[in-house]
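Examining the three-dimensional arrangement
Each chain is listed here by its residues.
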Amino acid sequence: MLTIARLAEEMWWALNRKGGALIDVPAEMLWCPERGRDNPTQLVRTTKMKKVTLLTSTAAILAALSVPAFAQSEISTGADAAGVSAINDRITDIEEDVTDAFDRDNDADRFGPADRRQGLFGNMSLSYTGRTGNTDNQDLAIGGRVNYNQGVFAQSVGLSLEFGEDDFGNKDQEDVAAIYDAQYYFNDQLYAFALGRINQNGLVDGVRNSPSQTDEDFAAEFDDFRTDAFLGFGPGYRILNSEQTTWRVQAGVGVRYTKTGAQELGANFDGTPVADSSDTSVGYIASSRLYHRFNDNIFITNDTDYLGSEDSSDVITNEFGVNFRVSEQLATRVSYTSEYQEDRAIRTDNTVGLAVVYGF
């Protein structure tokens, strides 16, 4: 969701157009994409690359103009009853997916430890839906993120909770997840990082959650993860850090903790006992982020990630993206993603993506 401050800035961009083309603005008026906060060092770089920044400005304009105000429930009177609001919401979702793709390629951390917003800040969101009548169920979702930056040390903690009940009053969702991200910069090139994640599925409890649950689905719970957690840390280094080309790599060691439904109950579906109550193994992570700008209209990115552990199969992903501005109003992104998993029959999946944004 756009903050009020960011929405105001992006609306300013949308309104200050001359003949269909965005006008140039001074650096202090540009919004820094790094987690939505002002960043003087990044703004200086943005001034030098303002033509490249225009590549994604069209996406920002669309997002600003299409996202309704927080309290708005429908786009016009009667839109909810006519089904117009539901379609409008889906259009907004598509626009957000496209802008997210462009934002990932922008890579807010591309230029290193620029000045950050200091202190404690964050946001929380809650959504609840209760239904009665032809269906009787309810859903609750809570999400939030807290950031704490102090000098060259930046930390972020995120939490999501999702609960739901079906028409029989039985739980059909009970997911709790948390993430942790930290970076400590020794200088402009060398830094240390830490990444953490934990997922817990409360439905993997050895209890039939619904009268309609089949034996096959119930048996699968014993093999599913009730808890899956990972914590890794290590060094990172910026090999290249110019306005035209940036490249950073990082690698580290971590620990993965898992607990299946059978381990939670102490027995398999057939009643045979389980020896271990959980599994803990050493994991390895490595990442590379490459950015290169050919000219004012075209830049490419290549993101590579590796995750492996002693007891789990290796996973390697690589995403290559080409971003270019066709005109002042038209921006395009083409991506090619490959995902390799060691334990699959067909180990590699490939995906081609196309994102196009046109503003007028």
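The written sequence of each chain sets the order in which its residues are numbered from 1. Whole-chain, interface and lining totals are the exception, using all residues; otherwise, since this is a predicted model, local features are given only for residues with pLDDT of at least 70 and side-chain atom pairs are given and counted only at 80 or more. No hydrogens and no water enter the side-chain calculation; it runs on all heavy atoms of the structure.

Here's the deal with the overall build of the protein
Note the threshold: A run of DSSP states H or I qualifies as a helix once it reaches four residues; a run of E qualifies as a strand once it reaches two. Both are numbered from the N-terminal end. For the exposure calls, accessible area comes from a 1.4 Å probe over protein chains only, and a residue counts as buried if that area is under 20% of its type's maximum, exposed if over 50%, partly exposed in between. Throughout, the Shrake-Rupley method with a 1.4 Å probe supplies accessible areas, and for residues the shown protein chains are the sole cover considered.
Looking only at helices and strands, the protein has seven helices and 14 strands in total. The proportion of buried residues among the 360 residues of the protein is 34%. Accessible surface, the protein: about 20200 Å² in total, of which carbon and sulfur atoms supply 57%.

Some thoughts on the pattern of salt bridges
This is how it is decided: Whenever Lys or Arg places a side-chain nitrogen within 4 Å of a carboxyl oxygen from Asp or Glu, that contact is recorded as a salt bridge.
Evaluated as defined, the whole model comprises eleven salt bridges. With a closest N to O distance of 4.0 Å, aspartate 303 and arginine 289 form a salt bridge. Here arginine 289 lies in strand S10 (residues 279-293) and aspartate 303 lies in strand S11 (residues 298-309), a separation of 14 residues in the sequence. Connected through salt bridges with shared partners, the residues Arg197, Asp228 and Arg256 form a single ionic network.

What about the packing of aromatic side chains?
The description of an aromatic ring pair uses the distance of the two centres, along with the angle that the planes make with each other. Stated formally: Aromatic pairing here means that ring centres of Phe, Tyr or Trp (its six-membered ring) are within 6.5 Å. Orientation follows from the plane angle: under 30 degrees is stacked, over 60 is edge-to-face, and everything else is tilted.
Under the counting rule described, the total for this entry stands at five aromatic pairs. For the ring pair tyrosine 184 and phenylalanine 186, a centre distance of 5.2 Å and an interplane angle of 65° mean the geometry is edge-to-face. Accessibility expressed as a relative area gives 36% for tyrosine 184, which makes it partly exposed. Here phenylalanine 186 falls in the exposed class, since its relative accessible area comes to 52%. Here the aromatic residues Phe153, Tyr184 and Phe186 are joined through ring pairs into a cluster of three or more.

What to know about a negative patch on the surface
Quick reminder of the rule: Here, patches come from residues exposed beyond 30% relative accessible area and free of salt bridges, joined within 9 Å for like charges and within 5 Å for nonpolar side chains (Val, Leu, Ile, Met, Phe, Trp, Tyr). Note on charges: Lys and Arg go in the positive column, Asp and Glu in the negative column, and His and the chain ends are not counted at all. For this purpose, a charge sits on NZ of Lys, CZ of Arg, CG of Asp or CD of Glu.
Judged by side-chain charge, Asp80, Asp89, Asp93, Glu96, Asp97, Asp100 and Asp103 come together as a negatively charged surface patch. A per-element tally of the negative patch places helix H5 (residues 84-106) first, with six residues. Looking at the secondary structure, you find aspartate 93 in helix H5.

Focus on the pairing of strand S6 (residues 171-185)
Formally: At least two DSSP bridges between two strands are required for those strands to pair.
Across 13 bridges, the pairing between strand S5 (residues 153-165) and S6 is antiparallel. Directly across from glycine 158, in S6, lies its bridge partner isoleucine 179. Linking S5 back to S6 in an antiparallel pair, the connection comprises five residues, with glycine 169 at a positive phi of about 80°. The hairpin formed by S6 and strand S7 (residues 190-201) contains four residues between the paired strands.

Some details on the sheet that holds S7
This is how the line gets drawn: Each axis is a line fitted through C-alpha atoms, taken for helices only over the stretch in contact, and angles between the N-to-C directions span 0 to 180 degrees.
The strand order across the open sheet built from twelve strands is S3-S4-S5-S6-S7-S8-S9-S10-S11-S12-S13-S14, with neighbouring strands paired in antiparallel fashion. At either margin of the open sheet sits one strand with a lone partner, and together these are strand S3 (119-131) and strand S14 (348-358). In this sheet, adjacent strand axes meet at a mean angle of 10° when their direction is disregarded. Summarising the sheet, S3 and strand S4 (residues 137-150) pair through 13 bridges and their orientation is antiparallel. When the sheet's bridge partners are listed, arginine 131 is paired in S4 with asparagine 137.

Examining a nonpolar patch on the surface
On the surface, Val152, Tyr184, Phe186, Leu190, Tyr237, Ile239, Leu240, Trp247 and Leu290 cluster together into a nonpolar patch covering about 770 Å² of accessible area. Here the nonpolar patch gets three residues from one element, more than from any other, and that element is strand S8 (residues 225-241). Looking at the element boundaries, valine 152 is found in the loop between S4 and S5. In this structure valine 152 comes out as partly exposed when scored by relative accessible area, which is 40%.

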